[in-house]
Amino acid sequence: GVETHLAPCPASPWRATRLNADYSLCSSYPAVLVLPRQMSDRELIAVASFRKRGRLPAMSWCGGPSLCFASLWRCSQTTEGLMGQKS
């Protein structure tokens, strides 16, 4: 499961969202997603719509306060390549 105990921390630059609770945003991602605290759910939906199968950048690791909330992210390719061609 997603460890959400660090996301509510006031010092954390991340927040947890249940925007994918019904798996309609991305069927291969978990129900709870972590995203930058300043990013709105509306912006998250816009990013997902530009990614192949809704696979937006997703946090896969966070170091927590002892590592200044350093993080690693993963994502798939966009729906359009550099030349504007659909992939």
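Data block above holds the structure.
Residues numbered from 1 in each chain as written. Predicted model: local features only at pLDDT ≥ 70, side-chain atom pairs only at ≥ 80, totals over all residues. Heavy atoms only, no water.

Participant: Break down the overall build of the protein for me, with residues and values.
Facilitator: When its secondary structure is counted, the protein shows one helix and four strands. Put simply, 42% of the contacts in the protein that link residues at least 6 apart link residues at least 24 apart. Surface summary for the protein: the accessible area is close to 5,800 Å², and the carbon and sulfur share equals 58%. (Helix = DSSP H or I, 4+ residues; strand = E, 2+ residues; numbered from the N terminus. Contact = heavy atoms within 4.5 Å. Areas by Shrake-Rupley, 256 points an atom, 1.4 Å probe, with all protein chains shown as cover.)

Participant: Kindly report on a nonpolar patch on the surface, identifying the contributing residues and their values.
Facilitator: Together, Trp61, Leu67 and Leu72 give the surface a local cluster of nonpolar side chains, amounting to about 310 Å² of exposed area. On the secondary structure map, Leu72 appears in strand β4 (residues 71-74). (Patch = residues over 30% accessible without salt bridge, like charges linked within 9 Å, V, L, I, M, F, W, Y side chains within 5 Å. Salt bridge = Lys/Arg side-chain N within 4 Å of Asp/Glu carboxyl O.)

Participant: Could you give an account of the environment of Cys68, naming the residues involved and the relevant values?
Facilitator: Tracing the sequence through the fold places Cys68 in the loop between β3 (58-62) and β4. Along the chain, Cys68 and Pro13 lie 55 residues apart, while their C-alpha atoms are 9.5 Å from each other.

Participant: Kindly report on the side chain of Thr17, identifying the contributing residues and their values.
Facilitator: With respect to the helices and strands, Thr17 occurs in strand β1 (residues 14-17). Polar contacts involving the side chain of Thr17 include one to the main-chain amide nitrogen of Leu19, which spans 3.2 Å. With residues up to four places along the chain from it excluded, the contact list for Thr17 reads Ala31, Val32, Leu33, Leu35, Asp41 and Leu44. (Polar contact = N/O pair within 3.5 Å; in protein donor to acceptor, adjacent residues only side chain to side chain.)

Participant: Report on the environment of Tyr29, specifying residues and quantitative values.
Facilitator: The residue Tyr29 is located in the loop between β1 and β2 (33-36) in this model. Note on Tyr29: relative accessible area 4%, which makes it buried. Residues Tyr29 and Ala58, 29 residues apart in the sequence, show an inter-C-alpha distance of 8.6 Å. Residues within four places of Tyr29 in sequence aside, it is in contact with Asn20, Tyr23, Arg55, Leu56, Ala58, Arg74 and Cys75. (Buried < 20%, exposed > 50% of the residue type's maximum accessible area, 1.4 Å probe, protein only.)

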